[in-house]
Protein chains: 2
Amino acid sequence: MPDRIPIEKKVLSENDRIAAGIRGELKRRRIFALNLVSSPGSGKTSLLEKTVAALHSELSIALVVGDVQTDNDAVRLMRAGARMVRPIITGGACHLDAAMVREAIGQLDLDGTELLLIENVGNLVCPSSYDLGEDMKVVVLSTTEGDDKPLKYPAMFRRSSVMIVNKIDLLGTSDFDIATMRDHALKINGDLTVFETSCRTGAGLEAWFGWLVEEVHRKKR
Amino acid sequence: MPDRIPIEKKVLSENDRIAAGIRGELKRRRIFALNLVSSPGSGKTSLLEKTVAALHSELSIALVVGDVQTDNDAVRLMRAGARMVRPIITGGACHLDAAMVREAIGQLDLDGTELLLIENVGNLVCPSSYDLGEDMKVVVLSTTEGDDKPLKYPAMFRRSSVMIVNKIDLLGTSDFDIATMRDHALKINGDLTVFETSCRTGAGLEAWFGWLVEEVHRKKR
């Protein structure tokens with residue numbers, strides 16, 4: 001579709017301009033921001049529920065939660081104890097963009113907020129192109145997907161700083177090989193920080209929480 | 001992004017024109033064609049491997065296999081016994097379009113072919129907008145995803161004729177409730193034909209194979 005390229009470029013450069021504005025605002029306020037991306041069904045929302053429940057007494061956390069339809073995820077996160085959640089229903093769009101995030105955080109009271117967690121639409125392709133002003137992208141993958149996912153969706157793994165391999169309680173129920181997957185991911189991006197977690201058993205969550213608290217404090221220095 | 005709409009419409013109407021051409025060609029040749037869509041990691045390729053292995057002595061099957069990067073899936077399907085497989089590497093694009101499929105099937109020998117299986121890119125959003133000239137879309141969902149997926153990605157379920165709930169051997173390892181998921185899906189599209197399968201244990205596959213053979217013969221009448 002060659003006639004799509006110029007307008008696509010224009011949309012992306014406008015997006016980058018808005019994202020730079022968000023990044024400046026978050027820097028000024030010393031808020032650490034993550035953009036969580038994954039396939040549908042990797043367990044992003046469960047991971048955020050656990051994270052909010054464990055850390056909300058220690059850190060002031062705001063969440064922006066994107067979905068194509070429904071605000072199910074935002075409701076789940078409020079039940080987990082989150083005080084500030086803005087749902088974004090994209091109405092068909094396959095990714096969040098910076099303008100949607102700017103509008104959502106404009107409706108949050110960011111005074112005193114230390115951590116902003118943005119849950120993107122479940123999609124391993126399109127969200128990789130849209131900067132949302134975050135400090136880092138976190139790609140969440142589950143052990144019930146194929147272990148060749150990093151090779152098949154390389155842009156997402158290249159642009160992420162952290163990879164969380166979730167549902168490790170289900171290792172052994174399929175031919176998913178965690179060492180193979182990790183090798184594939186690190187071949188694409190050797191700088192990935194990797195966590196292996198299970199929201200069901202709690203395995204590996206402490207390491208993720210500890211890293212998160214450390215990064216929040218690093219941003220404040 | 002309002003300035004994107006006109007060009008998006010133009011791209012889609014050009015896509016529909018090409019898809020209508022493919023549909024005409026397949027009708028003339030009496031080839032039954034399915035477009036398989038799903039999240040990454042639902043098990044589409046495993047399902048196609050089992051389907052090819054079970055039916056290739058009975059039916060003449062051609063496959064077109066889309067991926068963002070790598071031809072891993074095409075290689076797997078050739079190992080399963082498929083004689084005619086064309087990979088499409090979209091190079092970043094998040095869906096197949098009709099022009100890609102037209103080019104791929106132009107490289108296949110369709111004489112005598114009875115069944116064309118098109119495996120789309122793993123993505124529950126974008127592929128729903130692109131007609132590929134198929135008779136039906138088949139949405140594959142796995143029991144390790146959330147049971148609210150039909151509500152969160154309604155367009156895909158509305159535009160599909162068949163839903164395959166895969167990995168039923170993993171029921172009980174999470175809080176996924178198959179009755180809830182089926183209710184959600186049928187509320188969005190009451191005409192869905194539903195299969196429940198496990199490629200690991202083989203459960204439910206015979207019903208899917210039987211339906212497929214029946215539809216192939218119906219197209220020939």
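Above this text is the structure in question.
Model, not experiment: these values are computed from the prediction.

Draft legend 1. Looking closely at the relation of the copies chain A and chain B. Turning chain A through 180° and shifting it by 0.0 Å along the axis lays it on chain B, with an RMSD of 0.0 Å. With respect to symmetry, the two chain copies, as superposed, fit the operation of a two-fold axis.

Draft legend 2. Expanded view of the pattern of salt bridges. The final tally for this structure, using the stated rule, is 32 salt bridges over all chains. For Arg 29 of chain A, the salt bridge is made with Asp 111 of chain A, and the minimal N-O distance between the two is 2.9 Å. On the criterion of sequence distance, the pair formed by Arg 29 of chain A in helix α1 (residues 5-29) and Asp 111 of chain A in the loop between α4 (98-106) and β4 (115-119) is long-range, its members being 82 residues apart. Here Asp 169 of chain B makes a salt bridge to Arg 200 of chain B, at a shortest N to O gap of 3.9 Å. You can see Asp 169 of chain B sitting in the loop between β6 (162-166) and α7 (178-188) and its partner Arg 200 of chain B sitting in the loop between β7 (193-196) and α8 (205-220), a full 31 residues away along the chain.

Draft legend 3. Representation of the packing of aromatic side chains within the structure. Residue and element names in this part refer to chain A. Scanning the entire structure with this criterion turns up eight aromatic pairs over all chains. Ring plane angle 70° and centroid distance 5.9 Å describe the contact between Phe 195 and Trp 208, whose orientation is recorded as edge-to-face. One end of the pair, Phe 195, is in strand β7 (residues 193-196); the other, Trp 208, is in helix α8 (residues 205-220), and 13 residues separate them in sequence. The exposure classification of Phe 195 matches that of Trp 208, with both residues buried. On the numbers, 5.8 Å between centres and 15° between planes, the contact of Trp 208 with Trp 211 is stacked. Of this pair, Trp 208 and Trp 211 both sit in helix α8, three residues apart, roughly one helical turn. For the pair Trp 208 and Trp 211, one class covers both residues: buried. Among the aromatic residues, ring-to-ring pairing joins Phe 32, Phe 195, Trp 208 and Trp 211 into one connected group.

Draft legend 4. Structural context of the pairing of strand β2 (residues 61-67) of chain B. All names here are of chain B. Burial analysis of β2 places seven of its seven residues in the buried class, the great majority of the element. Sheet topology note: the β2/strand β4 (residues 115-119) ladder contains five bridges and is parallel. Bridged to Val 64 within β4 is Ile 118. Pairing geometry for β2 and strand β3 (residues 84-89), over six bridges, is parallel. Note on β3: the bridge partner recorded for Ala 62 is Met 84.

Draft legend 5. Inspection of the nonpolar core at higher detail. Counting 39 residues, the largest nonpolar core has Phe 157 and Met 163 of chain A together with Phe 157 and Met 163 of chain B as its most contacted members. Breaking this core down by element, the ones donating at least two residues are β5 (136-142), α6 (154-158), β6 (162-166) and α7 (178-188) of chain A together with β5 (136-142), α6 (154-158), β6 and α7 of chain B. A per-element tally of this core places α7 of chain B first, with four residues. Apart from residues no more than four positions distant in its own chain, Met 163 of chain A is found in contact with Val 139, Phe 157, Met 181, Ala 185, Leu 192, Thr 193, Val 194 and Phe 195 of chain A.

Draft legend 6. Spotlight on the interface of chain A and chain B. Taken together, the contact pairs 45 residues of chain A with 45 residues of chain B. Buried surface at the junction of chain A and chain B, summed over both partners, amounts to about 3,300 Å²; 56% is from carbon and sulfur atoms. Here chain A is connected to chain B by four salt bridges. Residues Asp 67 of chain B and Lys 152 of chain A are paired through a salt bridge, measuring 3.9 Å at the closest nitrogen-oxygen approach. Where chain A meets chain B, there are 13 residue pairs in polar contact (both at pLDDT 80 or more). Elements that contribute at least two residues to the side of chain A that touches chain B include exactly α1, α3 (72-79) and α5 (149-152) of chain A. Here the side of chain A that touches chain B gets four residues from one element, more than from any other, and that element is α1 of chain A. When the residues that make up the side of chain A that touches chain B are grouped by side-chain class, the tally is 16 nonpolar, 14 polar and 15 charged.

Draft legend 7. Region of interest: α8 of chain B. An ideal rise of 1.5 Å per residue puts 22 Å on 16 residues; α8 of chain B measures up with 23 Å between its terminal C-alpha atoms. Within α8 of chain B, the full set of buried residues consists of Leu 205, Trp 208, Phe 209, Trp 211, Leu 212, Val 213, Glu 215, Val 216 and Lys 219 of chain B.

Draft legend 8. Highlighting the sheet that holds β4 of chain A. All names here are of chain A. Pairing is parallel in the open sheet, where seven strands are placed in the order β3-β2-β4-β1-β5-β6-β7. Each edge of the open sheet is held by one strand with a lone partner, namely β3 (84-89) and β7. Across the sheet, the mean angle separating the axes of adjacent strands is 20° when strand polarity is ignored. Pairing geometry for strand β1 (residues 32-38) and β4, over five bridges, is parallel. Counterpart to Leu 34 in the pairing with β4 is Leu 117.

Draft legend 9. Fine view of the packing of helix α2 (residues 44-55) of chain B against α8 of chain B. Residue and element names in this part refer to chain B. Contact pair α2 / α8: the axes reach a minimum separation of 11 Å and the direction vectors enclose 65°. Seen along the crossing, α2 lies across α8 with a hand that is right-handed. Across the interface between the two elements, Leu 47, Lys 50, Thr 51, Ala 54 and Leu 55 from α2 touch Leu 205, Trp 208, Phe 209, Leu 212 and Val 213 from α8. Residue composition of the contact of α2 with α8, grouped by class: eight nonpolar, one polar and one charged.

Quick notes on the rules
- Residues numbered from 1 in each chain as written.
- Chains lettered and ligands numbered in written order.
- Predicted model: local features only at pLDDT ≥ 70, side-chain atom pairs only at ≥ 80, totals over all residues.
- Heavy atoms only, no water.
- Least-squares fit on C-alpha atoms with pLDDT ≥ 70 in both.
- Salt bridge = Lys/Arg side-chain N within 4 Å of Asp/Glu carboxyl O.
- Helix = DSSP H or I, 4+ residues; strand = E, 2+ residues; numbered from the N terminus.
- Phe/Tyr/Trp six-rings, centres within 6.5 Å; stacked < 30°, edge-to-face > 60°.
- Buried < 20%, exposed > 50% of the residue type's maximum accessible area, 1.4 Å probe, protein only.
- Pairing = 2+ DSSP bridges.
- Core = buried A, V, L, I, M, F, W, Y, C linked by side-chain atoms within 4.5 Å.
- Contact = heavy atoms within 4.5 Å.
- Buried area = accessible area lost by both parts, 1.4 Å probe.
- Polar contact = N/O pair within 3.5 Å; in protein donor to acceptor, adjacent residues only side chain to side chain.
- Nonpolar A, V, L, I, M, F, W, Y, C, P; charged D, E, K, R; others polar.
- Expected span 1.5 Å × (residues − 1).
- Axes fitted to C-alpha atoms, helices over the stretch in contact; angles between N-to-C directions.
- Left-handed = near helix turned anticlockwise from the far one by under 90°.

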